[in-house]
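Here's the letter readout for the chains.
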Amino acid sequence: MTELLKRYDNDTSQINSGDTAWILVSAALVFIMSPGVGYFYSGMARSKNAVSLVFLCMVAMAVVSVQWMIWGYSLALSDTATNPFIGNLKYGLLLNVGDKPHANAPSIPGDVYAVFQCMFAALTPALALGGAAERIRIFPAILFCFVWTTIVYDPIAYWSWAPKGWMNVMGSLDYAGGTPVHIASGFGALAFALVLGKRQGFGHEKFEPHNYLNIILGTSLLWFGWFGFNGGSAVASNGRAGLASAVTHIAACMGGLSWSLVAYFRNGYKFSSFHFCSGAIAGLVAITPASGFVAPWAALVFGAVAGVACHFAVDFKEKLGFDDALDVFAVHGIGGVVGNLLTGIFASKGVAALNGSVIKGGWIDHHWKQLGYQLAASCSGAAWSFVVSVIILVIFNFIPGLHLRIHEDGEISGTDFAEMGEHGYKFATIEPNMYGRDNASLTNLEQGNARPTTLTSDGQAGSEKSSVTGTDSREKHITLGV
């Protein structure tokens, strides 16, 4: 024990216990965002696809975490690689990591930094899968997450954050993932939507969210996790982390308000929880690349511009006929580009200096080239993600057993039942012939596209609105899942 204490006393490491604790907490906060995305997506989709969307987000987290351990961390964030495009395999299997600090995080152990960054990588393909919602098979989607993270996310993350990455060396500013996370997932989702094709009934049926409470829950989890997403990207517990958290919250609030107000005046003077939640996410997306570079007043601009821009991007996407089922391209792709470009204008060298970092700033510091750097990073990330995603998807469709689109009957019955044999909503268990009806009468339940229906005790359909009445003890209403 005495020898161990001597070794500790002689340690010259700059590891800080407070910084380490904050990044561990931040990693847990970012982890919460994976189920948050799942609940957000499940609420936006039809009920027959709700469970599979939450499951896909969770299984993507598991698959990418394994990929990250095998080689993802080393490819994406190697601080010993010398080329500008991709990392080496020095940290493969997380060997040679241990408590040695990474060049990007000198005050925390390397393994803590690896876990924190793993949560970013795990979230990104889950976002992209939203472009294929309600028509994707689960097994090939799992393999896609592994391949896509390796070929799309890891290179873009290296370009943006690795010491030798070409975007980083050029001078592009990306504090927490505007390009690697949001632009990459948004344009990956667009590739998904185009390659897989439109859902049955698209353009003829009106697809609406089935559960607004899930949307609110998912947004709350995402908003909560984003404090670790952006605040943790300071990789230290300091004033810059606090400011990043503050501007994150401000941009989310302003994004929700701006989207809601635009929709209010355009859609019959009615407010919508869905509009507010979408706007809040748009604000969070836009502030991500700038969160450690801008002052609080600038966050108001980020939120307002992102809320309005992404609102109209949804309309524009629909006019073009893109069946991006869950608006991933409009919110994350366009929102990420908006955030990157605004960073080139509002980045402040004074804010970066809070923890000793030195940047030239954006237009407010008369550094006019910064907007060009941000545009170059945005276009490069978008192009790489879209083109490579299309190539991966096309190849998958040619491999037996890996075609991505679910069969027609499975799409009608829903991915929950067709791919998992599960239903998200079972308010009542109805045994065959319990009410003198055969199994065929439950087709709409399995399809998940029936309105809430009530059955009286004699097996007859009741009113469309579910209810429990106490006026007649002989009449019992049973609500079926939507």
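What counts, and at which threshold
- Residues numbered from 1 in each chain as written.
- Predicted model: local features only at pLDDT ≥ 70, side-chain atom pairs only at ≥ 80, totals over all residues.
- Heavy atoms only, no water.
- Helix = DSSP H or I, 4+ residues; strand = E, 2+ residues; numbered from the N terminus.
- Buried < 20%, exposed > 50% of the residue type's maximum accessible area, 1.4 Å probe, protein only.
- Contact = heavy atoms within 4.5 Å.
- Areas by Shrake-Rupley, 256 points an atom, 1.4 Å probe, with all protein chains shown as cover.
- Patch = residues over 30% accessible without salt bridge, like charges linked within 9 Å, V, L, I, M, F, W, Y side chains within 5 Å.
- Salt bridge = Lys/Arg side-chain N within 4 Å of Asp/Glu carboxyl O.
- Axes fitted to C-alpha atoms, helices over the stretch in contact; angles between N-to-C directions.
- Parallel < 35°, antiparallel > 145°, perpendicular 65-115°, else oblique.
- Left-handed = near helix turned anticlockwise from the far one by under 90°.
- Nonpolar A, V, L, I, M, F, W, Y, C, P; charged D, E, K, R; others polar.
- Core = buried A, V, L, I, M, F, W, Y, C linked by side-chain atoms within 4.5 Å.
- Phe/Tyr/Trp six-rings, centres within 6.5 Å; stacked < 30°, edge-to-face > 60°.
- Expected span 1.5 Å × (residues − 1).
- pLDDT = per-residue confidence, 0-100.

K.L.:
Can you lay out the overall build of the protein chain for me, pointing to particular residues and giving the numbers?
P.N.:
Secondary structure assignment for the protein chain yields 17 helices and two strands. Residue burial in the protein chain is summarised as follows: out of 482 residues, 53% are buried. Considering only contacts in the protein chain between residues 6 or more positions apart, those separated by 24 or more positions represent 74%. Here the protein chain has roughly 20300 Å² of accessible surface; of this, 64% comes from carbon and sulfur atoms.

K.L.:
Go over unusual backbone geometry, please, and point to the residues and values.
P.N.:
Its identity as a non-glycine residue notwithstanding, Leu 93 has a phi of 60 degrees, on the positive side. Among the secondary structure elements, Leu 93 is positioned in the loop between α3 (50-77) and α4 (110-128). Its identity is not glycine, yet Tyr 269 carries a phi of approximately 55 degrees, on the positive side. Following the sequence through the fold, Tyr 269 ends up in the loop between α9 (239-266) and α10 (273-287). Judged by its relative accessible area of 54%, Tyr 269 is exposed.

K.L.:
Tell me about a nonpolar patch on the surface, residues and numbers included.
P.N.:
Together, Met 69, Leu 93, Leu 94 and Leu 95 make up an exposed nonpolar region whose accessible area comes to about 340 Å². Assignment of secondary structure puts Leu 95 in the loop between α3 and α4.

K.L.:
Before we move on, can you summarise the packing of α9 against α10 with the specific residues and values?
P.N.:
Contact pair α9 / α10: the axes reach a minimum separation of 6 Å and the direction vectors enclose 140 degrees. Judged by the inter-axis angle, α9 sits oblique to α10. The two elements α9 and α10 meet at a crossing, and its hand is right-handed. For the pair α9 and α10, the contacting residues are Val 247, Thr 248, Ala 251, Ala 252, Gly 255, Gly 256, Leu 257, Trp 259, Ser 260 and Ala 263 in the first and His 275, Phe 276, Ser 278, Gly 279, Ala 280, Ala 282, Gly 283, Leu 284 and Ile 287 in the second. Grouping the constituent residues of the contact of α9 with α10 by class yields eleven nonpolar, eight polar and no charged.

K.L.:
Can you tell me about the nonpolar core, naming the residues and giving the values?
P.N.:
By size, the foremost hydrophobic cluster in this structure holds 118 residues, and its most contacted members are Tyr 41, Ile 136, Tyr 153, Phe 192, Phe 229, Val 294 and Phe 302. Setting aside residues up to four positions removed in sequence, Phe 192 forms contacts with Ala 128, Leu 129, Gly 131, Ala 132, Ile 136, Phe 144, Gly 197, Leu 393 and Leu 404. Within the second largest apolar cluster, five residues are counted, among which are Ile 183, Phe 187, Leu 190 and Ala 382.

K.L.:
Describe in detail the environment of Met 167, supporting the description with residues and values.
P.N.:
In this structure, Met 167 sits in helix α6 (residues 166-170). The spatial distance from the C-alpha of Met 167 to the C-alpha of Ala 376 is 8.5 Å, given a sequence separation of 209 residues. Apart from the residues within four sequence positions on either side, Met 167 is in contact with Trp 159, Ser 160, Ser 172, Thr 179, Ala 377, Ser 380 and Gly 381.

K.L.:
Requested: an account of the side chain of His 182, with residues and values cited.
P.N.:
Its place among the elements puts His 182 in helix α7 (residues 178-196). With sequence-adjacent residues up to four places away left out, His 182 is seen in contact with Leu 127, Gly 177, Trp 226, Phe 229, Val 285, Thr 288, His 332, Gly 333 and Gly 336.

K.L.:
Residue-level account of the pattern of salt bridges, with values.
P.N.:
The tally for this structure, following the rule as stated, stands at eight salt bridges. When the shortest N-O distance is used, the salt bridge between Arg 46 and Glu 134 registers 2.9 Å. One end of the pair, Arg 46, is in the loop between α2 (17-44) and α3; the other, Glu 134, is in the loop between α4 and α5 (138-161), and 88 residues separate them in sequence. Assessed through its relative accessible area of 14%, Arg 46 is described here as buried. Overlapping salt bridges bring together Arg 46, Glu 134, Arg 135, Arg 199 and Asp 323 as one network.

K.L.:
Run through the packing of aromatic side chains, naming residues and quoting values.
P.N.:
In this structure the tally under the stated criterion is 23 aromatic pairs. Each ring, one from Trp 159 and one from Trp 384, has its centre 5.5 Å from the other, and the planes form 70 degrees; the classification is edge-to-face. Remark: Trp 384 occurs in helix α14 (residues 370-398) and Trp 159 occurs in helix α5; sequence separation between them is 225 residues. Classification of Trp 159 by relative accessible area gives buried; the value is 7%. Note on Tyr 264 and Tyr 269: the rings are 5.6 Å apart at their centroids and 80 degrees apart in plane angle, and the pair reads as edge-to-face. Taking relative accessible area as the criterion, Tyr 264 reaches 21% and is therefore assigned partly exposed.

K.L.:
Give a detailed account of α4, specifying residues and quantitative values.
P.N.:
Helix length check: α4, at 19 residues, gives a terminal C-alpha distance of 28 Å against a target of 27 Å (1.5 Å per residue), a fit within 8%. Buried residues dominate α4, accounting for 17 of its 19 residues.

K.L.:
Which residues make up the packing of α5 against α7, and what values go with them?
P.N.:
At a closest axis distance of 10 Å, the pairing of α5 and α7 adopts a crossing angle of 140 degrees. When the axes of α5 and α7 are compared, the pair comes out oblique. The crossing of α5 and α7 is right-handed. Along its contact with α5, which presents Phe 144, Trp 148, Tyr 153, Ile 156, Ala 157, Ser 160 and Trp 161, the element α7 presents Thr 179, Pro 180, Val 181, Ala 184, Ser 185 and Phe 192.

K.L.:
Tell me what's going on with the confidence of the model for the protein chain, and back it up with residues and numbers.
P.N.:
Mean pLDDT over the protein chain works out to 87, with 86% of the residues at or above the 70 mark. Overall, residues 1-12 carries pLDDT values under 50, and its contacts beyond four positions in sequence, including any with other chains, amount to zero contacts. Confidence over residues 428-482 falls short of pLDDT 50; this stretch has 74 contacts with residues more than four positions distant or in other chains.

K.L.:
Report on the environment of Pro 180, specifying residues and quantitative values.
P.N.:
Among the secondary structure elements, Pro 180 is positioned in helix α7. What Pro 180 contacts, discounting residues up to four positions off in sequence, is Thr 124, Tyr 153, Ile 156, Ala 157, Ser 160, Trp 161 and Asp 174.

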